[in-house]
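Here are the chains, one letter per residue:
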Amino acid sequence: DGLEAAERIRIEERRLARPAAVPILFLTAAEPNEEQVRRAWEVAGAADFMTKPFVPEELTSKLRVFVNLHRQALERERAGQEARRRAERERAE
């Protein structure tokens, strides 16, 4: 299910020693129970949790924010990698 998939993503991120960079938005048609909501927030690191009926503008807005946050995280990671490479080259010279 979606919770298990999200938990596996987080496990893989930890295995790779990477921050939780993938924003996870849970969408469900079923009314979640308290344990499912707790797992989504605490274990899977949910960015948000929405149940049907979805308001299209709200969903679109949230997705846009999460995509932008993810892009910014990737840019910071790339900039950090480039700074480390530059420092290594300078040490080698």
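Because the structure is a prediction, the values reported are computed rather than measured. (Residues numbered from 1 in each chain as written. Predicted model: local features only at pLDDT ≥ 70, side-chain atom pairs only at ≥ 80, totals over all residues. Heavy atoms only, no water.)

*Asks:* Is there a simple way to think about the pairing of strand β1 (residues 25-28) in this case?
*Replies:* Successive side chains on a regular strand alternate, one facing one side of the sheet and the next facing the other. Direction of pairing for β1 relative to strand β2 (residues 48-51): parallel, over a ladder of four bridges. Its bridge partner being in β2, Leu 25 is matched across the sheet by Asp 48. With helix α2 (residues 34-43) bridging β1 and the parallel β2, this β-α-β connection has right-handed handedness. (Pairing = 2+ DSSP bridges. Helix = DSSP H or I, 4+ residues; strand = E, 2+ residues; numbered from the N terminus. Right-handed = clockwise from strand over helix to strand, strands pointing away.)

*Asks:* What is the right way to read the environment of Glu 57 from this model?
*Replies:* Its place among the elements puts Glu 57 in helix α3 (residues 56-92). Between the alpha carbons of Glu 57 and Arg 18 there is a distance of 32 Å; along the sequence they are 39 residues apart.

*Asks:* Help me understand the layout of surface pockets in this model?
*Replies:* Over the atoms, a rolling probe the size of a water molecule traces out where space has been left empty. Estimated volume of the largest pocket: approximately 170 Å³. Lining the largest pocket, in full, are Asp 1, Gly 2, Leu 3, Phe 26, Leu 27, Thr 28, Ala 30, Glu 31, Pro 32, Gln 36 and Phe 49. Among the elements that line the lining of the largest pocket, the one with the most residues is β1, at three residues. Residues of the lining of the largest pocket, tallied by class, amount to six nonpolar, three polar and two charged. (1 Å grid on protein atoms, 1.4 Å probe; cavity = no way out; pocket = protein on both sides within 12 Å on 5 of 7 lines; lining within 4 Å. Points joined across faces, edges and corners; volume = space filled by probe spheres on them. Nonpolar A, V, L, I, M, F, W, Y, C, P; charged D, E, K, R; others polar.)

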